[in-house]
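Working through the structure, step by step
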Amino acid sequence: MPSYLGSLEEMRQVGETVWPGWMPKDGESHVDFVEGLAREARELGPTGVPTSTWWGVDGEVVVGRIVVRHRLTEKLRVFGGHVSYEVRPSRRRQGLATGMLRLLLEEAEARELGRLSLTCSPDNLASNRTILANGGVLERSAIAEGVGRMTNYYWILVG
Ligand SMILES: CC(C)(COP(=O)(O)OP(=O)(O)OC[C@H]1O[C@@H](n2cnc3c(N)ncnc32)[C@H](O)[C@@H]1OP(=O)(O)O)[C@@H](O)C(=O)NCCC(=O)NCCS
């Protein structure tokens with residue numbers, strides 16, 4: 001857990017957003033936080049759908065995080081998709097996001113979905129390449145309605 005919190009701190013230091021749901025609430029124990037995430041896989045995550053979380057680890061070091069949402073809401077269809085990931089800033093450009101997404105595609109949650117929606121900014125070269133390296137097919141680029149940001153909409157067929 002300290003390594004994971006260190007990873008979030010690195011993200012803050014490079015000016016990236018760390019959303020409240022990614023870390024324990026004030027006074028929440030690490031165990032309760034992780035149990036809460038496990039519950040989100042069966043109940044409703046912060047985006048209103050069940051969400052499974054995995055951490056990428058290298059020995060004792062948490063190097064990344066990847067989540068899969070078990071279904072899409074209209075909002076997620078427009079922006080967010082099924083999958084979201086980040087890699088610890090000091091461990092980027094080492095193939096970790098590509099590897100994490102590859103491993104996610106083997107998980108039961110992804111297989112059950114069969115077809116994953118991924119959205120990403122056209123400017124985010126690393127994320128676009130991560131998706132393409134895992135068989136992503138660009139369906140369209142459009143301004144996400146209500147969000148106002150140019151967005152690439154990809155699908156990955158699983159299995
Ligand atoms: C996007 C992100 C997860 C990529 O993680 P990563 O571990 O560095 O990615 P990889 O090392 O697997 O690299 C994937 C590809 O992107 C390329 N790449 C990585 N960083 C890059 C950069 N800064 N500029 C251009 N290309 C880059 C790699 O060369 C690789 O390309 P290749 O398959 O053609 O060789 C990471 O930059 C990140 O956490 N960003 C902030 C959060 C985010 O944007 N999440 C995705 C939201 S859609």
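Basis of the calculations
Residues numbered from 1 in each chain as written. Predicted model: local features only at pLDDT ≥ 70, side-chain atom pairs only at ≥ 80, totals over all residues. Heavy atoms only, no water. Helix = DSSP H or I, 4+ residues; strand = E, 2+ residues; numbered from the N terminus. Buried < 20%, exposed > 50% of the residue type's maximum accessible area, 1.4 Å probe, protein only. Polar contact = N/O pair within 3.5 Å; in protein donor to acceptor, adjacent residues only side chain to side chain. UniProt positions renumbered as here; feature names shortened; annotations may be inferred. Near = heavy atom within 4 Å. Areas by Shrake-Rupley, 256 points an atom, 1.4 Å probe, with all protein chains shown as cover. Nonpolar A, V, L, I, M, F, W, Y, C, P; charged D, E, K, R; others polar. Phe/Tyr/Trp six-rings, centres within 6.5 Å; stacked < 30°, edge-to-face > 60°. Lys NZ or Arg CZ within 6 Å of the ring centre and 35° of its normal. Pairing = 2+ DSSP bridges. Axes fitted to C-alpha atoms, helices over the stretch in contact; angles between N-to-C directions. Contact = heavy atoms within 4.5 Å.

Per an unreviewed UniProt entry, the protein goes by Acetyltransferase, GNAT family protein and derives from Plesiocystis pacifica SIR-1.

Relative to the helices and strands, E28 is located in the loop between α1 (2-13) and α2 (30-40). According to the relative accessible area criterion, E28 is partly exposed, its value standing at 24%. A polar side-chain atom of E28 sits 2.9 Å from the main-chain amide nitrogen of K25.

The subject of this paragraph is unusual backbone geometry. Most peptide bonds adopt trans geometry, and most residues besides glycine take a negative phi value. Residues other than glycine seldom take positive phi values, yet R93 does so here, at roughly 60°. Given a relative accessible area of 84%, R93 falls into the exposed group.

A few words on the UniProt feature "domain: N-acetyltransferase" (unreviewed entry) in the protein. According to UniProt, the feature "domain: N-acetyltransferase" (unreviewed entry) maps to residues 9-159 in the numbering used here. In residues 9-159, helix accounts for 30% and strand for 28%; the two terminal C-alpha atoms are 36 Å from one another.

What follows deals with the site of the ligand. The environment of the ligand is made up of 19 residues, and the closest members are V87, R93, G95, T98 and N124. R93 is positioned with one of its backbone polar atoms (N or O) 2.7 Å from an oxygen atom of the ligand. Across the complex, the protein chains shield 70% of the 930 Å² of accessible surface that the ligand would expose by itself. For the shell around the ligand, the elements supplying multiple residues, two or more each, are β3 (83-87), α4 (96-104), β4 (115-120) and α6 (125-133). If you tally residues by element for the shell around the ligand, the top one is α6, at 5 residues. Class assignment of the residues belonging to the shell around the ligand gives a composition of 7 nonpolar, 7 polar and 5 charged.

Two aromatic rings are characterised by how far apart their centres lie and by the angle between their planes. Under the definition given, this model contains 2 aromatic pairs. Between Y4 and F33, the aromatic rings sit 6.5 Å apart at their centres with planes inclined by 15°, giving stacked as the arrangement. Separated by 29 residues along the polypeptide, Y4 in helix α1 and F33 in helix α2 bring together distant segments of the chain. In this structure, Y4 and F33 share a single accessibility class: buried. When the centroid spacing of 5.3 Å and the interplanar angle of 65° are considered together, the rings of Y4 and W55 count as edge-to-face. On the criterion of sequence distance, the pair formed by Y4 in helix α1 and W55 in strand β1 (residues 51-58) is long-range, its members being 51 residues apart. Among the aromatic residues, ring-to-ring pairing joins Y4, F33 and W55 into one connected group. Between the NZ or CZ atom of R115 and the centre of the ring of W155, over which it lies, the distance is 3.8 Å. The lysine or arginine in question, R140, covers the ring of Y153, its NZ or CZ lying 4.0 Å from the ring centre.

Turning next to the sheet that holds β3. Pairing within the open sheet is antiparallel, and its 3 strands lie in the order β1-β2-β3. A strand with exactly one partner marks an edge of an open sheet, and here the two such strands are β1 and β3. Averaged over all neighbouring strand pairs, the angle between strand axes comes to 15°, with direction disregarded. By the bridge criterion, 8 bridges tie β1 to strand β2 (residues 61-69) in an arrangement that is antiparallel. Across the sheet, G56 pairs through a bridge with G64, a residue of β2. Across the sheet, α4 touches β1, β2 and β3, and the angle it forms with β3 is around 145°.

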